[in-house]
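These are the residues of each chain, in order.
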Amino acid sequence: MIKLKNVWKEYPLDGTVFTALKDINLTIKSGEFTSIMGPSGSGKSTLMHMVGLLDKPSKGEIFIDNKKISDVNDNQLSDLRNEYIGFVFQQFNLLNKLTILENVLLPTVYLRKKSNIDFQKRALELIDRFGLYEKRHSYPNKISGGQQQRVAIARALIMDPKLILADEPTGNLDSKTGKEIMKLLTELNEKEKRTIVIVTHDPSIAEQVERVVRIIDGQII
Amino acid sequence: MNYFAFIVKSALFNFSRSKGRTFLTSLGILIGVMAVVLLTAFGLGLKKYINDQFQSLGTNVIRIMPGKVLSGGSFNGSSIGSIRFDEKDVNNLKRIRNLESVAPIYTKSIAVDAGKKKEDATLYSTSAEIFNILNFNAQSGKIFDKTDVDKRNKIAVIGPKIADKLFGSGDLALGKNIKIDSQSFKVTGVLESKGGGGFGGPDLDALVFIPYKTGFVFNTDKKFFIITAKGKENISLDTVKQQIQTVLLKRYKEDEFSVLEQTEILKAVTSIFDVLNMVLVAIAAISLVVGGIGIMNIMYVTVTEKIKEIGIRRALGAKKNDILFQFLVEAVILSVFGGLLGLGLSFFIILLIQKIFPAYIDAQAVLLALGVSTLIGVVFGVFPAKQAADLSPIDAIRYE
């Protein structure tokens, strides 16, 4: 479903050119649970941003369902991020001024097409499923890190995306809560057949997934 | 929650978190809107006041003055002519059948002496017809008539303000003697009030009327500066003016006199106020621009503070225009908030000063104030909002 072909990413850095990604070729198939592993500075986050359509390659091409991303304009990219991809971040990235329920509903605000889906109902079901129903009208800074990450996962699921991208989802959590979050993601993959890509530097997490892509110095090894 | 509610809630949250900053930013717009609204209110009030005064003097009044007083619709002070009208002109004009009344006026500033008290006033030495022309009626006693003029009776009909100040009331003034330039006059009538306070032009309640033939003691060369006349009800003023013109041209050259309608004078007076007011409002509008710059400044700060949030929203599917719109709405709310406060404060101030100054505000001024503050929000908000929208999603979300 996602294919990276000869993807390079270069940044200008102190007058020289820093190469973050070197000639990456990667295919992620539907229903796969993939982990991108590497030490910090290896380029794994840059790779995830490419897959998540937040960044554009300097060279090479990204295909989503065989569609060339370089042919797609900014509005269409936004629509793809909105409907096709669900993001989960290390720092949760919830908006503190919105309630839990409103945070989960935030992606639906940017869906400007007509939809028959009752997002309110779906959001409440997701919140209930993750054990946060009592907290639905609380604000993010009033709940724990593990709870915040579950809200973020609920937000990632609200548009029913095909692909979930998680960038160090357990990085800011203690090991027990981290395990719970991993269990949740594994369930989403196994029971709902969602495609999941998780970026991590933690080898114990990599052990739990079916496919591991290792990256060092911007290259897949 | 729909799209718009989400965006407004974001903006309002921001304001509640930084109340002081929000208020100070709005203050710029508040002062600007207040300055514009108040100056407009003063201008409108003054214009209305002058209009009312002219209306109370009757609308089909014609004034005949020396020189070309009006040129191109505005006053032309330098060319007030040197001729003065005399009784012969008055008698010639009286032969025009379309004129209902003709009254010559000799006028001067005087001090009215009632023995114990003295009061400044404007003397009108004129014929009995003046009361019909200017719609003056007596509240006590009676106005003088043609016989009084011909007999050169030493009587005076005084304005209510003069009566009140010198004698306490109109009734008490009747039959009393007043002295003008050491000449003694008996008060035989006190006029009804015309109202108004005395902005621009003579106070209509502080006039002293005497028969013009009696007035020759002051007006020794028996000449008049103005002749007023009133056309008959159903005759067009243009026709009447034309006839007056024809009569006067027998004695004077075309550019030695003017025949003016009340409305022409009114237009000339109000056009002066219009220009003055426009200049003042334009100056006040500068403070609105300064207020707008304040909003732009604070919006740039807000955008910087929210870079991370912009990144998150972009990752969740917000388009550039969604971000642009979010910040524009915030700037407009800030600006309209200031505009509404300024408008409210203006209403309050106008209410307070209405007792001493005839200021008033109309719907047009209110709409203008709100329109302008919205426009300022959009104009000065669009640059920061554009900057926010053009941030690259990846740079924004990485921003700490």
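**Focus on the overall build of chain B**
Counting its regular elements, chain B contains 13 helices and twelve strands. Taking 400 residues into account, the globule formula puts the C-alpha radius of gyration at 21 Å, and chain B, at 32 Å, lies well above it. The principal-axis extents of the C-alpha atoms in chain B amount to approximately 100 × 50 × 35 Å. The buried share of chain B, reckoned over its 400 residues, is 50%. Accessible area of chain B: about 18500 Å², with a carbon and sulfur share of 61%.

**Some words on the sheet that holds strand S5 (residues 67-68) of chain A**
All names here are of chain A. Strands sit in the order S2-S1-S4-S5 across an open sheet of four strands; the sheet is antiparallel. Both outer strands of the open sheet, strand S2 (16-28) and S5, are each paired with one neighbouring strand and no more. Judged from the nine bridges that link them, strand S1 (residues 2-13) and S2 form a sheet pairing that is antiparallel. Paired with Leu 13 across the bridge in S2 is Thr 16. Strands in contact with helix H1 (residues 44-51) are S1, S2 and strand S4 (59-64); relative to S1, the strand with the most contacts, it is inclined by about 125°.

**Thoughts on the interface of chain B and chain A**
Chain B puts 25 residues into the contact, and the matching count from chain A is 28 residues. Across the interface of chain B and chain A, roughly 2700 Å² is buried in total on both sides, 59% from carbon and sulfur atoms. Among the residues of chain B in contact with chain A, Phe 6, Leu 316 and Lys 319 of chain B are the three that bury the most area, contributing 26% of the side total. Connecting chain B to chain A are three salt bridges. Of the charged contacts, one joins Arg 314 of chain B and Asp 74 of chain A as a salt bridge, the two residues approaching to 3.0 Å between their closest N and O atoms.

**Observations regarding empty space enclosed by the protein**
Per the stated rule, a full pass over the model turns up two cavities of 30 Å³ or more. One number sums up the size of the largest cavity: a volume of about 80 Å³. Taken together, the elements giving at least two residues each to the lining of the largest cavity come down to helix H1 (3-17), helix H2 (19-56), helix H9 (262-305) and helix H11 (320-353) of chain B. Here the lining of the largest cavity is composed, by residue class, of four nonpolar, five polar and two charged. Put simply, the second largest cavity is a space of about 60 Å³. Contributions of two or more residues to the lining of the second largest cavity are made by helix H2 (74-83), strand S6 (85-88) and helix H5 (145-157) of chain A. Broken down by element, the lining of the second largest cavity gets its largest block of residues, three residues, from S6 of chain A.

**Observations concerning the domain arrangement of chain B**
Assigned domains within chain B: domain 1 (2-52 + 269-398) and domain 2 (84-251). Spacing between the C-alpha centres of domain 1 of chain B and domain 2 of chain B amounts to 54 Å.

**So, the pairing of strand S4 (residues 99-113) of chain B**
All names here are of chain B. Where S4 and strand S11 (residues 226-231) come together, six bridges link them in antiparallel fashion. In the strand pairing of S11, Ser 101 is matched with Lys 230. Pairing between S4 and strand S5 (residues 118-126): nine bridges, direction antiparallel. Following the sheet pairing, Lys 108 is matched in S5 by Leu 123. Count of turn residues in the S4/S5 antiparallel hairpin: four residues, of which Gly 115 carries a positive phi of about 90°.

**A word on the confidence of the model for chain A**
Reading fine detail from the predicted coordinates is not recommended where pLDDT is low. Mean pLDDT for chain A: 91, with 100% of residues reaching 70 or above. Ranking the elements of chain A by mean pLDDT puts helix H7 (residues 203-207) of chain A last, at 83, and S6 of chain A first, at 95.

**Concerning the packing of aromatic side chains**
Evaluated as defined, the whole model comprises eleven aromatic pairs over all chains. Relative to Phe 224 of chain B, the ring of Phe 216 of chain B has its centre 6.3 Å away and its plane inclined at 45°; by these criteria the two rings are tilted. Of the aromatic side chains, those joined through ring pairs into one cluster are Tyr 124, Phe 131, Phe 136, Phe 144 and Phe 209 of chain B. Looking at Lys 3 of chain A, its charged tip hangs above the ring of Phe 63 of chain A, at a distance of 5.8 Å from the centre. The ring of Trp 8 of chain A carries the charged tip of Lys 59 of chain A above its face, separated from the ring centre by 4.4 Å.

**Details of the sheet that holds strand S7 (residues 163-167) of chain A**
Residue and element names in this part refer to chain A. Strand order in the open sheet made by the six strands is S6-S7-S8-S3-S9-S10, with mixed pairing throughout. Bordering the open sheet on either side are S6 and strand S10 (219-220), each of which pairs with just one other strand. As paired strands, S6 and S7 are joined by four bridges and run parallel to one another. Bridge assignment links Gly 86 to a residue of S7, and that residue is Ile 164. Those strands touched by H1 are strand S3 (33-37), S6, S7, strand S8 (195-200) and strand S9 (211-216), and its axis lies near 155° from that of S7.

**Things to note about the packing of H2 of chain B against H11 of chain B**
Residues and elements named next belong to chain B. Interhelical geometry of H2 versus H11 gives an angle of 45° and a closest axis separation of 7 Å. On the basis of their axis angle, the class for H2 and H11 is oblique. H11 is crossed by H2, and the crossing has right-handed handedness.

**Things to note about the nonpolar core**
Counting 49 residues, the largest nonpolar core has Leu 106 of chain A together with Ile 323 and Phe 327 of chain B as its most contacted members. Breaking this core down by element, the ones donating at least two residues are helix H3 (100-109) of chain A together with H1, H2, H9, helix H10 (307-315), H11 and helix H12 (363-389) of chain B. For this core, the element with the most residues is H11 of chain B, which contributes ten residues. Excluding residues within four positions of it along the chain, Leu 106 of chain A makes contact with Leu 95 and Leu 98 of chain A together with Phe 6, Arg 313 and Leu 316 of chain B. One finds Ile 110, Ala 163, Ala 173 and Ile 178 of chain B within the second-largest nonpolar core, a separate group that totals 43 residues.

**Some remarks on H1 of chain B**
Between its first and last C-alpha, H1 of chain B extends 22 Å over 15 residues, near the 21 Å set by a 1.5 Å rise per residue. All buried positions along H1 of chain B are accounted for by Tyr 3, Phe 6, Ile 7, Ser 10, Ala 11, Asn 14 and Phe 15 of chain B. On its buried side, H1 of chain B packs onto H3 of chain A together with H2, H9, H10 and H11 of chain B.

**Some remarks on the packing of H11 of chain B against H12 of chain B**
Residues and elements named next belong to chain B. It is the contact of H11 with H12, at a shortest axis distance of 7 Å, that shows an interaxial angle of 150°. The angle between H11 and H12 places the two elements in the roughly antiparallel class. Note on packing geometry: the crossing formed by H11 with H12 is right-handed. Of the residues assigned to the contact of H11 with H12, the class counts are 19 nonpolar, six polar and two charged.

**Overview of the environment of Ala 385 of chain B**
Residues and elements named next belong to chain B. One can find Ala 385 in helix H12. In this structure Ala 385 comes out as buried when scored by relative accessible area, which is 0%. Sequence-wise, Ala 385 and Val 303 are 82 residues apart; in three dimensions their C-alpha atoms are separated by 7.5 Å. Setting aside residues no more than four positions away along its own chain, Ala 385 makes contact with Leu 324, Phe 327 and Leu 328.

Reading guide: rules and limits
Residues numbered from 1 in each chain as written. Chains lettered and ligands numbered in written order. Predicted model: local features only at pLDDT ≥ 70, side-chain atom pairs only at ≥ 80, totals over all residues. Heavy atoms only, no water. Helix = DSSP H or I, 4+ residues; strand = E, 2+ residues; numbered from the N terminus. Rg over C-alpha atoms; globule rule 2.2 N^0.38 Å. Buried < 20%, exposed > 50% of the residue type's maximum accessible area, 1.4 Å probe, protein only. Areas by Shrake-Rupley, 256 points an atom, 1.4 Å probe, with all protein chains shown as cover. Pairing = 2+ DSSP bridges. Contact = heavy atoms within 4.5 Å. Axes fitted to C-alpha atoms, helices over the stretch in contact; angles between N-to-C directions. Buried area = accessible area lost by both parts, 1.4 Å probe. Salt bridge = Lys/Arg side-chain N within 4 Å of Asp/Glu carboxyl O. 1 Å grid on protein atoms, 1.4 Å probe; cavity = no way out; pocket = protein on both sides within 12 Å on 5 of 7 lines; lining within 4 Å. Points joined across faces, edges and corners; volume = space filled by probe spheres on them. Nonpolar A, V, L, I, M, F, W, Y, C, P; charged D, E, K, R; others polar. Domains from an automatic or database assignment. pLDDT = per-residue confidence, 0-100. Phe/Tyr/Trp six-rings, centres within 6.5 Å; stacked < 30°, edge-to-face > 60°. Lys NZ or Arg CZ within 6 Å of the ring centre and 35° of its normal. Parallel < 35°, antiparallel > 145°, perpendicular 65-115°, else oblique. Left-handed = near helix turned anticlockwise from the far one by under 90°. Core = buried A, V, L, I, M, F, W, Y, C linked by side-chain atoms within 4.5 Å. Expected span 1.5 Å × (residues − 1).

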